[in-house]
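# Coordinate inspection notes
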Amino acid sequence: MTPRRVNTESWPVRLLLCVLALGFLFFFLGLPLLSVFVEAFKQGFGPYFEALCDADTRSAITLTLVIAVMVLPLNILFGLSAAWAIARFDFRGKSLLITLIDLPFAVSPVVAGLLFILIFGRQGFLGDWLGAHDIKIIFALPGMVLATMFVTVPYIARELIPLMQAQGRDEEEAAVSLGASGLQMFWRVTLPNIKWGLLYGVILANARAMGEFGAVSVVSGHIRGMTNTLPLHVEILYNEYNSVGAFAAASVLALLALVTLVAKTIVEWRMAREIAMLSADLSIENPAVAAKS
Amino acid sequence: MTNSRKHRVLPGFGLSLGFALVYLSLLVLLPLAGLVAHGVHMSFADFWATATTPRTLASYRVTFGCALLAALVNAFFGLIVAWVLVRYDFPGKRFIDALVDLPFALPTAVAGITLTTLYANTGWVGSLLVPLGIQIAFKPAGIVVALIFIGIPFVVRTVQPVIEDIEQEIEEAAATLGATRWQTFRRVLFPALAPALLTGFTLAFSRAIGEYGSVIFIAGNMPMVSEITPLMIISKLEQYDTQGAIVLALVMLVISFVLLLAINLLQWYAANRHTQRHSERKPA
């Protein structure tokens, strides 16, 4: 340790930095997380479970799950397709495509919701036609699914593209030249290689899909028991000064967030371990890599 | 053609690219084009008049001012957090490292009501600040607090890997040559971290501009004082003023695109600088 001494700060500076960093995280992350649960249980367990068993809260939970279940498979399919095309082939406009995938991150969720109102709303492009055929998209499930699909577009693709680019196409090319069909190659070579990255993207996309507020709020119409997702239900209860109800619903979402963080951390460890195993071969040439892992 | 065919040993190029393009076009590009098409139909005078009413201008000031302030706070503390997480050891470090991503995982509405409760005059933090004459919830300061929460992971997660990559030999060299620790930081470390810090700052800023869920609870939403532009879009929609909502959405969209472009340029610049440095060092 002594030879590294020059590389670190004097102990008062170190202490100051630690206090600043941990104090900041405590006030802005730790306390809010703690306070969700404290507020939810403020009047004890009874009122908490009563609030959770409320019919509207239960239907909000169901709707949130339904939307996530509908959005995620499509999002996975898009992420896989985009990453396959971008990481395995060369074509013109590739970097433009990568930028376009990121576009939904740059659009305010409220604007995202507005986009779908302009198409499917009563005064929208398709409004008359939908009205004539009695199809409801805005203020109904399809609109909320579309808005959630919009905001979650980048998550899985963004995880897979750099991962697959780093892995290169040698293994898949070997599989194909040895006679594997496209599907065999995908299930036996591609998927095992990217499974942790894919899972990581799914975890993040799922958290966003279940927690989205702005975009869904614009297209939902806030009909209780019908088009109310759990985050929207939190808002309604809060605005009705039903603090225990609002925080009980919020605690479910906070629990989801904690599960997300734990799952994400586990997946990160697994990915780091796999990278470590890969770089173990290189350790003779480059001891720094091995030491790090 | 021969060149591109060489790479097409692998199957599925047409199918995967086709699906990705159709998905992206139907879901993102066409709706955005629709918004722009609506805007083109308006006369410029109408557009300008709607985009620059005093109340709208005030909402831009609140939105961009608070987002800028929050992103600056995040850049400062984010750098420190990233440094502490990479360089120092303390108990519970892994737990804290995982906690940094909480704003990505916690739904914004939950963050909104929780921060409001904490920073209200009767809340845990708010009641400490009342004797000092500071009020945060239902003031523009509340918006800044919510936006700080939302932006934390952006700066930390962009700066952290860069700090991990810094080869400590460089710092040793600086120290051997007689630099104080502060000089080493200012002349050696900070320039290496600056592009990542700027990228993280821009990401946090761009996210903060569009943020809605966490802000509306804590802002108080007073017109001219603490009303953000996304909320104005929603209230215009609720009053069936679709044109007005479109104008504000277009203004926000243009600004977001400029920021997205800036982020991409920054990342491209940082990546190029990085590879250049590496190729200089390792000619092989």
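Our structure's up above, just so we're on the same page.
To keep things clear, this report deals only with the structure shown in the data block. (Residues numbered from 1 in each chain as written. Chains lettered and ligands numbered in written order. Predicted model: local features only at pLDDT ≥ 70, side-chain atom pairs only at ≥ 80, totals over all residues. Heavy atoms only, no water.)

So, on to the overall build of chain A. Each helix and strand in chain A was counted, giving 13 helices and 0 strands. Helices (α) and strands (β) of chain A occur, in sequence order from the N terminus, as α-α-α-α-α-α-α-α-α-α-α-α-α. The principal-axis extent of the C-alpha atoms belonging to chain A is close to 65 × 60 × 30 Å. Taken across its 293 residues, chain A has 51% of its residues classed as buried. Within chain A, counting contacts between residues at least 6 apart in sequence, those at least 24 apart form 72% of the total. When the accessible area of chain A is evaluated, it comes to approximately 14,000 Å², of which 67% is carbon and sulfur surface. Computed over 20 positive and 21 negative side-chain charges, the separation of the two mean positions in chain A equals 5 Å. (Helix = DSSP H or I, 4+ residues; strand = E, 2+ residues; numbered from the N terminus. Buried < 20%, exposed > 50% of the residue type's maximum accessible area, 1.4 Å probe, protein only. Contact = heavy atoms within 4.5 Å. Areas by Shrake-Rupley, 256 points an atom, 1.4 Å probe, with all protein chains shown as cover. Lys, Arg positive; Asp, Glu negative; His and termini not counted. Charge placed at Lys NZ, Arg CZ, Asp CG, Glu CD.)

Counting its regular elements, chain B contains 14 helices and 0 strands. In chain B, the order of α-helices and β-strands from amino to carboxyl end is α-α-α-α-α-α-α-α-α-α-α-α-α-α. Counting only residues that meet the buried cut, chain B has 52% of its 284 residues in that class. Within chain B, contacts between residues at least 6 apart in sequence are counted, and of these 75% link residues at least 24 apart. Of the roughly 13,200 Å² that chain B leaves accessible, carbon and sulfur atoms contribute 68%. Considering chain B, the positive charge centre built from 19 side chains and the negative charge centre built from 15 side chains are found 5 Å apart.

Ranked by size, the top nonpolar core spans 190 residues in total, and within it Phe-78 of chain A together with Leu-35, Tyr-119, Ile-152, Val-159 and Ile-233 of chain B carry the most contacts. No other element matches the 15 residues that helix H4 (residues 54–87) of chain B contributes to this core. (Core = buried A, V, L, I, M, F, W, Y, C linked by side-chain atoms within 4.5 Å.)

The next point concerns the pattern of salt bridges. It is possible for side chains bearing opposite charge to pair when their charged atoms get close. The full count for this structure, using the stated rule, is 17 salt bridges over all chains. Close ionic contact of Asp-89 of chain B with Lys-93 of chain B constitutes a salt bridge, the shortest N to O distance being 3.5 Å. You can call Asp-89 of chain B exposed: its relative accessible area is 73%. Residues Glu-211 of chain B and Arg-207 of chain B are paired through a salt bridge, measuring 2.9 Å at the closest nitrogen-oxygen approach. Under the relative-accessibility criterion, Arg-207 of chain B is labelled buried at 19%. What emerges from the salt-bridge pattern is a single network uniting Lys-264 and Glu-268 of chain A together with Asp-97, Asp-101 and Arg-157 of chain B. (Salt bridge = Lys/Arg side-chain N within 4 Å of Asp/Glu carboxyl O.)

Take the packing of helix H1 (residues 11–40) of chain A against H4 of chain B next. Across the interface, H1 of chain A lies against H4 of chain B with an axial gap of 9 Å and an inter-helix angle of 115°. The chirality of how H1 of chain A crosses H4 of chain B is left-handed. For the pair H1 of chain A and H4 of chain B, the contacting residues are Leu-17, Cys-18, Leu-20, Ala-21, Phe-24 and Leu-25 of chain A in the first and Val-73, Asn-74, Phe-77, Ile-80, Val-81, Trp-83 and Val-84 of chain B in the second. Classifying every residue of the contact of H1 of chain A with H4 of chain B by side-chain character gives 12 nonpolar, 1 polar and no charged. (Axes fitted to C-alpha atoms, helices over the stretch in contact; angles between N-to-C directions. Left-handed = near helix turned anticlockwise from the far one by under 90°. Nonpolar A, V, L, I, M, F, W, Y, C, P; charged D, E, K, R; others polar.)

The next subject is the environment of Pro-153 of chain B. Residues and elements named next belong to chain B. Locating Pro-153 in the fold gives a position in helix H9 (residues 140–165). In sequence terms Pro-153 and Ala-262 are 109 residues apart; their C-alpha atoms lie 19 Å from each other. Contact partners of Pro-153, with chain neighbours within four places excluded, come to Val-100, Asp-101, Pro-103 and Phe-104.

All chains considered together, the criterion is met by 25 aromatic pairs over all chains. Ring geometry for Phe-41 of chain A versus Phe-45 of chain A: centroids 5.0 Å apart, planes at 50°, classification tilted. Taking the relative accessible area as the measure of exposure, Phe-41 of chain A reaches 29% and is therefore partly exposed. Given a relative accessible area of 58%, Phe-45 of chain A falls into the exposed group. Pairing Phe-44 of chain B with Trp-48 of chain B gives two aromatic rings, centres 6.0 Å apart and planes at 20°, and the pair type is stacked. Residue Phe-44 of chain B and its partner Trp-48 of chain B are located together in helix H3 (residues 44–51), separated by 4 residues, close to a single helical turn. (Phe/Tyr/Trp six-rings, centres within 6.5 Å; stacked < 30°, edge-to-face > 60°.)

Moving on: the interface of chain B and chain A. Contacts between the two partners involve 87 residues from chain B, matched on the other side by 91 residues from chain A. Here chain B packs against chain A, burying approximately 8,100 Å² in sum over the two surfaces, 79% of which is carbon and sulfur. Sorting the residues of chain B by area buried against chain A places Leu-10, Tyr-23 and Trp-124 of chain B first, and these three jointly supply 8% of that buried surface. Where chain B touches chain A, the interface holds 2 salt bridges. Between Arg-181 of chain B and Glu-9 of chain A there is a salt bridge, with its nearest N and O atoms 2.9 Å apart. On the surface where chain B and chain A come into contact, there are 8 residue pairs in polar contact (both at pLDDT 80 or more). (Buried area = accessible area lost by both parts, 1.4 Å probe. Polar contact = N/O pair within 3.5 Å; in protein donor to acceptor, adjacent residues only side chain to side chain.)

The subject of this paragraph is a nonpolar patch on the surface. Nonpolar side chains collect at one region of the surface, where Trp-11, Leu-15 and Val-19 of chain A lie side by side and expose about 370 Å² of accessible area between them. With respect to the helices and strands, the residue Trp-11 of chain A is situated in helix H1. (Patch = residues over 30% accessible without salt bridge, like charges linked within 9 Å, V, L, I, M, F, W, Y side chains within 5 Å.)

Attention now goes to unusual backbone geometry. Residue and element names in this part refer to chain A. The backbone phi angle of Asp-134 is positive, close to 60°, even though this residue is not glycine. If you trace the backbone, Asp-134 turns up in the loop between helix H6 (127–132) and helix H7 (141–167). One non-glycine residue, Tyr-241, adopts positive backbone phi at about 60°. Note on placement: Tyr-241 falls in the loop between helix H11 (230–239) and helix H12 (243–280). For Tyr-241, a relative accessible area of 78% puts it in the exposed group.

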